[in-house]
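Coordinates in review
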Amino acid sequence: MKIKHLPLDQNINGWAALRGNTPRHPALRGAVTADWLVIGAGFAGLAFARRIAELRPHEHVVVLEALDVADNASARNSGFVIDLPHTVGSTSAELEHANAYRRLLQYGLHHLKETVDKHDIACDWLNSGKYHCAVSEQFDGEIAHYQQELTMLGESFELLDRAALRQRLGTDFYRSAVYTPNCILVNPAALISGLVATLPPNVTVYANSPALQIDTQGSIRAETPHGEVRAGKLMLAINGAARGLPLFKGNVFAMSTFATLTEPLTAEQRARIGDIAPWGSTPVNALAGATLRYTADHRFLIREHVNFTPGLVTSAVETGRHARRHQELFARIYPQLQDVNMAYTWSGLISITRNGAPVWGNIGPNVYSSAGCNGSGSSKQSAFGRLLAEHALGEDNSLLADMQGIGRASYLPPRPFLDVGVKGFMARERWRSRSEM
């Protein structure tokens, strides 16, 4: 199998830039052998590699990452470690499906926290909760429905009006929000770097080593620009790049998201919004609204807009356009902070499936995959990767039944029909949610 596309973002990941100069992992040079080969050092790949190494301490695991470990897609997300599914539904079957997802998300969050605490990973881990926000009365029904779903799940929450949100978020922009208390906020580049640095000694990570050719007939063999890996078994954690590979049968595609970090607010600027604690918010429509964060070092993050990106490439010109959009949006949300400068704007890839289910499990002899994050990747893919390792080794875990129960990614049409469908759907969602911007 030839890899047709590799991710390319012509911009600087703000989360990684905040960390300054950090140790670099070497690229692969020459030929190496391993018991397991993992392609992709994101949340799924690292969770899989860690669990295999824990359960088989005498087996060698090699991880190939196409980019620097602090600059891959997982390191470019907005830093939400989500504990709850976004939607539940109204039938008993939908409720059980949501409960399964909740168990998986909380399993992934638990093991991330366990690793962060055990190794003292400095990633700004903060239990701040999450605000699910609506701007206009058009979405009062969705806010009410979300409350009903949380009640069905037995989860605690608060309903907040504009006045309460002004006190907590420092803005009059939002009409209402549902606050849930157990979402975690992090610097994702620092978290990914810490997860790599604390892998067991029988795991070797090679950065800046994209797999260009993968052979799965007989033994596993992967070529990189300057080396190759031969292994007994393969795990593919390449998400958006997976669509071009025959093993994935075209059931996943890539979208790019865009985010901006501001410069830290000065003491005088902070006085204009009040003494607010760090927080994170998500919109009622993730495809058309804006995700925001206020960080512990007094920066704002604005994530807004999603693009269909079949070629996995985001140009500097496109990033620049979104930087302007984010600045204009920030001015509408915080008109009292017109003098706050933007520091970094960047993009990142997420992988999408038609029905929201992952590409998970065996996809060929001695070949495994966890792809199709559909958002919420930090906790979700950490759970999926860890459970996939236990599945591959024949270990017993009750959550494996939940993994089987959430289903498999459904069929997607070939291009250009896929392009027309995705772009049409995105246009409808943006029009439907235009009042939220």
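About the cut-offs
- Residues numbered from 1 in each chain as written.
- Predicted model: local features only at pLDDT ≥ 70, side-chain atom pairs only at ≥ 80, totals over all residues.
- Heavy atoms only, no water.
- Helix = DSSP H or I, 4+ residues; strand = E, 2+ residues; numbered from the N terminus.
- Rg over C-alpha atoms; globule rule 2.2 N^0.38 Å.
- Buried < 20%, exposed > 50% of the residue type's maximum accessible area, 1.4 Å probe, protein only.
- Contact = heavy atoms within 4.5 Å.
- Areas by Shrake-Rupley, 256 points an atom, 1.4 Å probe, with all protein chains shown as cover.
- Pairing = 2+ DSSP bridges.
- Axes fitted to C-alpha atoms, helices over the stretch in contact; angles between N-to-C directions.
- Phe/Tyr/Trp six-rings, centres within 6.5 Å; stacked < 30°, edge-to-face > 60°.
- Lys NZ or Arg CZ within 6 Å of the ring centre and 35° of its normal.

In the annotation of an unreviewed UniProt entry, the protein is listed under the name FAD-dependent oxidoreductase and assigned to Rahnella bonaserana.

Regarding the overall build of the protein
From N to C terminus, the protein includes 11 helices and 21 strands. Taking 437 residues into account, the globule formula puts the C-alpha radius of gyration at 22 Å, and the protein, at 21 Å, falls close to it. The principal-axis extents of the C-alpha atoms in the protein amount to approximately 65 × 50 × 45 Å. A burial count over the protein gives 58% of its 437 residues as buried. Long-range pairs, those at least 24 residues apart, make up 77% of the contacts in the protein between residues at least 6 apart in sequence. Accessible surface, the protein: about 17900 Å² in total, of which carbon and sulfur atoms supply 52%.

A look at the sheet that holds strand β9 (residues 184-185)
What the 3 strands build is an open sheet, ordered β4-β9-β5; its pairing is antiparallel. At either end of the open sheet lies a strand with only one pairing partner, and these are β4 (80-81) and β5 (126-127). Of the strand pairs in this sheet, β4 and β9 are connected by 2 bridges, and their pairing is antiparallel. Counted as the bridge partner of Phe80 is Leu185 from β9.

Quick notes on unusual backbone geometry
Residue Pro416 follows Arg415 across a cis peptide bond; omega there is 10 degrees. Turning to its location among the elements, Pro416 is positioned in the loop between α10 (399-405) and α11 (417-432). For Asp124, which is not a glycine, the phi torsion comes out positive at approximately 60 degrees. Position of Asp124 relative to the elements: it lies in the loop between α3 (92-119) and β5. A positive phi angle is found at Asn208, which is not glycine, with a value near 50 degrees. Looking at the element boundaries, Asn208 is found in the loop between β10 (203-206) and β11 (213-215).

Comments concerning the sheet that holds strand β6 (residues 130-134)
Strand order in the open sheet made by the 8 strands is β7-β8-β6-β15-β16-β17-β14-β19, with mixed pairing throughout. Either end of the sheet is taken by a strand with one partner, and the two such strands are β7 (158-161) and β19 (342-352). Averaged over neighbouring strand pairs, the angle between their axes works out to 25 degrees when direction is ignored. Bridge analysis of strand β14 (residues 253-262) against β19 gives 10 bridges, and the strand direction is antiparallel. Its bridge partner being in β19, Thr260 is matched across the sheet by Thr345. Sheet strands touched by helix α5 (residues 162-169): β6, β7, β8 (176-180) and β15 (279-283). Its angle to β7, the strand with the most contacts, is close to 95 degrees.

Concerning the packing of aromatic side chains
Within this structure, the stated rule accounts for 11 aromatic pairs. A ring pair is formed by Phe253 and Phe308, whose centres lie 5.8 Å apart and whose planes are at 70 degrees; its orientation type is edge-to-face. Note that Phe253 is positioned in strand β14 and Phe308 in strand β17 (residues 300-308), a separation of 55 residues in sequence. Neither Phe253 nor Phe308 differs from the other in exposure class; each is buried. Three or more aromatic residues link up through ring pairs in this structure, and these residues are Trp279, Tyr294, Phe300, Phe330 and Tyr334. Taking the ring centre of Tyr179 as reference, the NZ or CZ of Arg168 above it sits at 5.6 Å.

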